[in-house]
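Notes for the structure review
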Amino acid sequence: MEDRKEVLEAAIEPDAKEPTFDFKKPPIWLIIKTILKLVPVIVYLRRDRREWVKKEGKNVNEKKFRKHAERALKTFVALGPAYIKLGQWLSSRADLLPQPYLDVLEKLQDDVLPAPFSDVRPILEKELGALDDIFEHFDTSAISGASLGQVYRAKYMEKDVVVKISRPHIEQTIGQNIYILKKLLPIATRFIDENLRFSAEGMLYQFIETVHEEMDYRIEARNLIEIKNNLKEDKSVIIPKVYLDRTSRHVITLEYLPGTKVTDIRTLDEYNIDRAKLVYRIHRLFFKMLLRHSIFHADPHPGNISVASNGTIILYDFGMVGRLDDETRRRLVRLYLGLVDKDPVRTTDVLIELGTLEPSVDRRLVEKGLELSIQSLHGKKVDRMEVKALQDLANKTLSRFPFRLPKSLALYMRMASILEGIYHYHEVRFQFVRVLVSLLEEEGLIKEAYIEEFKRYVNRFAKGIEISSELAPMIKQYLTDQKTTGKSKMNSNVLPISVISSSIIIGSTLLFPYERNFSYIGFALSAALLLGTLLFNKLFRK
């Protein structure tokens, strides 16, 4: 365990003095150019989102929405790396964008022509040393280029490796872009609806944090090592080895593991790989990470998943990961159970606990909206519900309220929706919820979630009793006064029973918004105690 800890610490030990971004004010021409390109996107989005929310996505001109979304996509590509990443990040934000925008932005590929090797060589040599000294062979023709880095083939210790190097001046470029976005956001939010304003600022800072993590390859190395260790017993997946002595802030060196792209149907069929089983195994793998471990791969787009000729899954690119603590994981399971059990009250409760809704939100309105949405979700069999159904819930129902996705949940939605796209691409018979349920049952999480629900109801009921006990002295005084003035002939046993009965009524009333069945039992018990006591006194009165 100590060795593993040392390896992880060696993978990333950033200098606290190192800047995360260069926030120098960009040239005025760049600010003006960016604003002129973004303003039409913001104006169209504002108008489209208002219409989408008002009509809950029904009877809208989707062709028009898609046209505006395509314009947004072209704008992001034209503005460069930060905006390409922003578009990809937004493509899973069902709380912010109408569904047609999400569909279009999902196609935004992080595929950018690589810069000349002469521009990136100084970065490599500054951090690792002279090129001829650090690699036995280095192919200076990039095999791929992305918005943040570009990839090369090389040989190290007689092994084939891939070397990813940051694009020239990437931190300065990203820093300037983010400087503009941070200045533009307060102005833009004045022209959008209040609920979107609630989400937008948090989304931007989540995006900044994510991009910063992706730009530091030492963080990616740490993520890879942690996930590789978590999955070391799983023979269905291969994760490349990272060479830490050839990894730095702007360079990462990995074992070369070639494979067939997960969407290359022709080659997969040539290898006689059962694509239905492959899709099933990929989903189990990613949700196993989500449910068993504290870290999960959050960017499973087809470029990051390959398949070996024997069907083994190969994972690449660990720059974007999500993390879930046990409490959040339990809440997600309870949210799922609330939807399956058609319980808008429990669903609302969990959404507030997850931090997606403000505690001050009008619960009754949210519950009513959820009730209608859940009814539409259950128009088909529960085991055929898909991630898109959950996205629709956020997109058409919750967007009418102050709703936001915390970073961990936004990354979960991104992971799940990309995975869903893979099985739609393969056109295989696949039931996402059944896979999820089998994993939840294996992990004992469904049973655990129901036990957690029961504990919460008991605690709420006990709290209600505790609060109501403060009224007991007043009730006692009132009944004592009644006896003293001769207005009551009740036996002394009525007094304690009355106090207990009142406490149960108040406790049941406080519990009613969360669990009505328990409340009804409480009301019935209270009535039975009072009636039973009165009947007893009447029959046995001297």
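Below, the structure is looked at part by part.

Reading guide: rules and limits
- Residues numbered from 1 in each chain as written.
- Predicted model: local features only at pLDDT ≥ 70, side-chain atom pairs only at ≥ 80, totals over all residues.
- Heavy atoms only, no water.
- Helix = DSSP H or I, 4+ residues; strand = E, 2+ residues; numbered from the N terminus.
- Expected span 1.5 Å × (residues − 1).
- Buried < 20%, exposed > 50% of the residue type's maximum accessible area, 1.4 Å probe, protein only.
- Arc of directions from axis to C-beta.
- Contact = heavy atoms within 4.5 Å.
- Patch = residues over 30% accessible without salt bridge, like charges linked within 9 Å, V, L, I, M, F, W, Y side chains within 5 Å.
- Areas by Shrake-Rupley, 256 points an atom, 1.4 Å probe, with all protein chains shown as cover.
- Salt bridge = Lys/Arg side-chain N within 4 Å of Asp/Glu carboxyl O.
- 1 Å grid on protein atoms, 1.4 Å probe; cavity = no way out; pocket = protein on both sides within 12 Å on 5 of 7 lines; lining within 4 Å.
- Points joined across faces, edges and corners; volume = space filled by probe spheres on them.
- Nonpolar A, V, L, I, M, F, W, Y, C, P; charged D, E, K, R; others polar.
- Pairing = 2+ DSSP bridges.
- Axes fitted to C-alpha atoms, helices over the stretch in contact; angles between N-to-C directions.
- Core = buried A, V, L, I, M, F, W, Y, C linked by side-chain atoms within 4.5 Å.
- Polar contact = N/O pair within 3.5 Å; in protein donor to acceptor, adjacent residues only side chain to side chain.

Brief notes about helix 6 (residues 117-128)
Compared with the 16 Å implied by 1.5 Å per residue over 12 residues, the 16 Å span of helix 6 between its first and last C-alpha is a close match. All of the buried residues in helix 6 are Phe117, Val120, Ile123, Leu124 and Leu128. Burial along helix 6 is one-sided: seen end-on, the buried residues are contained in an arc of 120 degrees. Away from its buried face by more than 90 degrees, helix 6 exposes Ser118 and Lys126. Turning to helix 6, the residues buried within the fold contact helix 7 (131-134), strand 1 (137-138), strand 3 (149-156), strand 4 (159-166) and strand 6 (251-255). Directly after helix 6, the chain includes Gly129, whose backbone phi takes a positive value near 115 degrees.

Description of a nonpolar patch on the surface
Taken together, Ile28, Trp29, Ile32 and Leu36 make up a surface patch of nonpolar side chains, about 480 Å² in accessible area. Mapped onto the elements, Ile32 comes out in helix 2 (residues 28-55).

Considering the layout of surface pockets
Considered as a void within the structure, the largest pocket measures approximately 1500 Å³ in volume. Along the wall of the largest pocket there are 50 residues; nearest its centre are His301, Pro302, Gly303, Asn304 and Asp317. Every element with two or more residues in the lining of the largest pocket is listed here: helix 4 (81-90), strand 2 (144-145), strand 3, strand 4, helix 10 (217-230), strand 6, strand 9 (305-307) and helix 17 (407-426). The dominant element in the lining of the largest pocket, judged by the number of residues it contributes, is helix 17, at six residues.

Section: empty space enclosed by the protein
Rolled over the atoms, a probe as big as a water molecule pinpoints where empty space is left. In the structure shown here, the tally under the stated rule is four cavities of 30 Å³ or more. Within this model, the largest cavity holds a volume of roughly 470 Å³. Along its surface, the largest cavity is lined by 22 residues, and Ile42, Leu45, Leu90, Leu185 and Met203 are the ones closest to its centre. Of all the secondary-structure elements, those providing two or more residues to the lining of the largest cavity are helix 2, helix 3 (62-79), helix 4, helix 5 (99-105), helix 8 (170-188) and helix 9 (194-215). Among the residues forming the lining of the largest cavity, the class breakdown is 21 nonpolar, one polar and no charged.

Structural notes on the sheet that holds strand 10 (residues 313-315)
The strand order 5-10-9-7 describes an open sheet built from four strands, whose pairing is mixed. Whereas interior strands pair on both sides, the edge strands pair on one side only; in this sheet they are strand 5 (237-238) and strand 7 (260-261). Strands strand 5, strand 9 and strand 10 of the sheet are contacted by helix 12 (residues 275-292), whose axis makes an angle of about 45 degrees with strand 10.

Some points on the pairing of strand 4
Of all eight residues in strand 4, six are buried, a share of seventy percent or more. Judged from the eight bridges that link them, strand 3 and strand 4 form a sheet pairing that is antiparallel. Residue pairing in the sheet places Lys155 in a bridge with Asp160 of strand 4. Remark: two residues form the turn of the hairpin made by strand 3 and strand 4, two consecutive strands paired antiparallel; Met157 in that turn has positive phi of roughly 55 degrees. Taken together, the five bridges between strand 4 and strand 6 define a ladder with antiparallel strand orientation. Paired with Val162 across the strands is Leu254, a residue of strand 6.

Points about the pattern of salt bridges
A full pass over the atoms with the stated rule returns 27 salt bridges. Notably, a salt bridge pairs Arg66 with Asp103, separated by 3.3 Å at the nearest N-O pair. With Arg66 in helix 3 and Asp103 in helix 5, the pair connects residues that are 37 residues apart, well separated along the chain. Measuring nitrogen to oxygen at the nearest pair gives 3.3 Å for the salt bridge that ties Glu327 to Arg331. Of the two residues, Glu327 and Arg331 both sit in helix 13 (residues 326-340), four residues apart, roughly one turn of that helix. Connected via shared salt-bridge partners are Glu327, Arg330, Arg331, Arg334 and Glu353.

Some thoughts on the nonpolar core
By size, the foremost hydrophobic cluster in this structure holds 113 residues, and its most contacted members are Tyr83, Phe286, Phe287, Phe296 and Leu315. Looking at which element gives the most residues to this core, the answer is helix 17, with nine residues. With sequence-adjacent residues up to four places away left out, Leu315 is seen in contact with Val237, Ile238, Ile239, Pro240, Leu285, Phe286, Met289, Asn304 and Ile305. With 17 residues, the next largest nonpolar core counts Phe117, Leu131, Ala154 and Val251 among its residues.

Considerations on helix 14 (residues 344-353)
When you tally the buried positions in helix 14, you get 10 out of 10 residues, the bulk of the element. Every buried residue belonging to helix 14 is among Pro344, Val345, Arg346, Thr347, Thr348, Asp349, Val350, Leu351, Ile352 and Glu353, and all of these are buried. One side-chain oxygen at the N-terminal end of helix 14 lies 3.1 Å from the backbone nitrogen of Val345; it belongs to Asp343. Backbone geometry just after helix 14 places Gly355 at a positive phi near 85 degrees.

Here we look at unusual backbone geometry
In the Ramachandran plot, Glu158 falls in the positive-phi region, its phi being about 65 degrees despite a non-glycine side chain. Along the chain, Glu158 falls in the loop between strand 3 and strand 4. With a phi close to 60 degrees, Asp317 is a non-glycine residue in the positive phi region. Among the secondary structure elements, Asp317 is positioned in the loop between strand 10 and strand 11 (321-323).

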